[in-house]
Amino acid sequence: TETFLDEILLLDWSIEEWNSSVLSHLRDIIQVKGEKKFVKIVKTAFCDVTKSLHDKSNSDARNRLCACEEEAVHQNKARTRQKSAAIQDQSNYDIFLISYLLSETREKWESFFRELVRLAKSESMFYFAEPVPWQLHRFIESFKDQLEFIWIDSSMNFPLLQQTERRAGPAVLFAIKKKISKL
């Protein structure tokens, strides 16, 4: 069976409510489509972005973020403990989609995202959609050394507007994690 994505991970503070009301229908749509599947595996976990990713309440989210790599370690028993510890400290996901989260949590997201960006592998992509850009401006300032940014909203072709709070529609920002240079 042909698939578009091997796996997606959905994280949310109210993931249980989403599971019962929306996600079962979403799985029906994205996992089964005739001979093709859009996604092989759909995982979910509770996540509170107002707390550290290392907070006990976020342990399931952190474990699932790194699960792909951890499963590979368990399958290959020949790896050393030191090597597996290093692997477990990196996410295997290629893209992170964040919608209206920064504005909703009003600056309580910084610790979580600092850890998420650190866990993300080089060239991982981040897509943000927010009702207004004020938190995205703060995000850019906080992560300009680790991520490259491009506005992909109504300000895209107007650099002077990118610094303002005005948009036609939501503020949309794309980022990619810079390659980590090995010295």
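Here's what I pulled together on the structure shown here. Predicted model, so just to flag it, every value in this text is computed and none were measured.

**Quick notes on the sheet that holds strand β6 (residues 171-177)**
Hydrogen bonding along the main chain pairs the strands of a sheet, whether they run parallel or antiparallel.
Part 1 of the argument: If you walk across this open sheet you meet the four strands as β3-β4-β6-β5, and the pairing is mixed. Strands with a single pairing partner mark the edges of an open sheet, and in this sheet they are β3 (95-99) and β5 (147-151). Here the average twist between neighbouring strands, direction ignored, is 15°.
Part 2 of the argument: For strand β4 (residues 125-130) and β6, the ladder comprises six bridges, and the chain directions are antiparallel. Bridging across to β6, M125 finds its partner in I176.
Part 3 of the argument: Taken strand by strand, helix α6 (residues 110-119) contacts β3, β4, β5 and β6, and its axis lies near 150° from that of β4.
Part 4 of the argument: The strands touched by helix α7 (residues 134-143) within the sheet are β4, β5 and β6, with β5 carrying the most contacts at an inclination of about 155°.

**What about the nonpolar core?**
Proteins that are soluble and globular tend to have nonpolar side chains buried together.
Part 1 of the argument: Counting 29 residues, the largest nonpolar core has F96, F113, F126, F128 and F139 as the members making the most contacts within it.
Part 2 of the argument: Secondary structure elements with two or more residues in this core: α2 (59-65), β3, α6, β4, α7, β5 and β6.
Part 3 of the argument: With five residues, α6 is the single largest residue contributor to this core.
Part 4 of the argument: Among residues more than four places away in sequence, those in contact with F126 are F96, I98, L116, V117, A120, L147, L173, F174 and A175.

**Quick notes on a nonpolar patch on the surface**
Part 1 of the argument: Judged by side-chain polarity, I95, L97, Y127, I150, I152 and M156 come together as a nonpolar surface patch covering roughly 530 Å² of accessible area.
Part 2 of the argument: As for its placement among the helices and strands, I150 is situated in strand β5.
Part 3 of the argument: The partly exposed category is assigned to I150, whose relative accessible area is 40%.

**Remarks on the side chain of N58**
Part 1 of the argument: Secondary-structure assignment places N58 in the loop between β2 (36-46) and α2.
Part 2 of the argument: By relative accessible area, which is 0% here, N58 ends up buried.
Part 3 of the argument: The contact partners of N58, leaving out residues within four places of it in the chain, are F46, C47, D48, K51, S52, L53 and F112.

**Side note on unusual backbone geometry**
Part 1 of the argument: Here the phi dihedral of E107 falls at roughly 70°; this positive angle occurs in a residue that is not glycine.
Part 2 of the argument: For E107, the location among the structural elements is in the loop between α5 (101-105) and α6.
Part 3 of the argument: Despite not being glycine, E123 shows a phi value in the positive range, around 70°.
Part 4 of the argument: Topologically, E123 is positioned in the loop between α6 and β4.
Part 5 of the argument: The exposure class assigned to E123 is partly exposed, which follows from its relative accessible area of 44%.

**Side note on the packing of α6 against α7**
Part 1 of the argument: Relative orientation of the contacting elements α6 and α7 amounts to 50°, with a least axis distance of 12 Å. For the element pair α6 / α7, the angle class is oblique. Here the hand of the crossing between α6 and α7 comes out right-handed. Contacts between α6 and α7 involve E110, F113, R114 and V117 on the former and, on the latter, R138, F139, S142 and F143.

**A closer look at α7**
Helical geometry note: an α-helix holds 3.6 residues per turn, so side chains three or four residues apart project in the same direction.
Part 1 of the argument: Of the positions making up α7, those classed as buried are Q135, L136, H137, F139, S142 and F143.
Part 2 of the argument: Packing partners of the buried residues in α7 comprise α5, α6, β4, β5, α8 (159-162) and β6.

Procedures and definitions
Within each chain, residue numbers correspond to sequence positions counted from 1 in written order. Side-chain atom pairs in this predicted model are given and counted only at pLDDT of 80 or more, local residue features only at pLDDT of at least 70, and totals for whole chains, interfaces and linings cover all residues. Hydrogens are left out, water is left out, and the side-chain values use all remaining heavy atoms of the structure. Two strands pair if DSSP finds at least two bridges between them. Strands are runs of DSSP state E lasting at least two residues, helices are runs of H or I lasting at least four, and both sets are numbered from the N terminus onward. Orientation is described by lines fitted to C-alpha atoms, with helices fitted over the stretch in contact, and by angles between N-to-C directions that extend from 0 to 180 degrees. By the convention used here, residues are in contact when the closest approach between their heavy atoms is within 4.5 Å. Here the nonpolar core consists of buried residues drawn from Ala, Val, Leu, Ile, Met, Phe, Trp, Tyr and Cys, with membership extended through side-chain atoms lying within 4.5 Å. Type-normalised accessible area, obtained with a 1.4 Å probe on protein chains alone, sets the label of each residue: buried when under 20%, exposed when over 50%, and partly exposed for intermediate values. Patch membership requires over 30% relative accessible area and the absence of a salt bridge. Like charges are linked within 9 Å, and nonpolar side chains (Val, Leu, Ile, Met, Phe, Trp, Tyr) within 5 Å. The method behind every accessible area is Shrake-Rupley, applied with a 1.4 Å probe, and residues are considered shielded solely by the protein chains displayed. For this document, the term salt bridge refers to a Lys or Arg side-chain nitrogen within 4 Å of an Asp or Glu carboxyl oxygen. The labels follow the angle: roughly parallel below 35 degrees, roughly antiparallel above 145, roughly perpendicular from 65 to 115, and oblique for the rest. A crossing counts as left-handed when the near helix is turned anticlockwise from the far one by less than a right angle, and as right-handed when that turn is clockwise.

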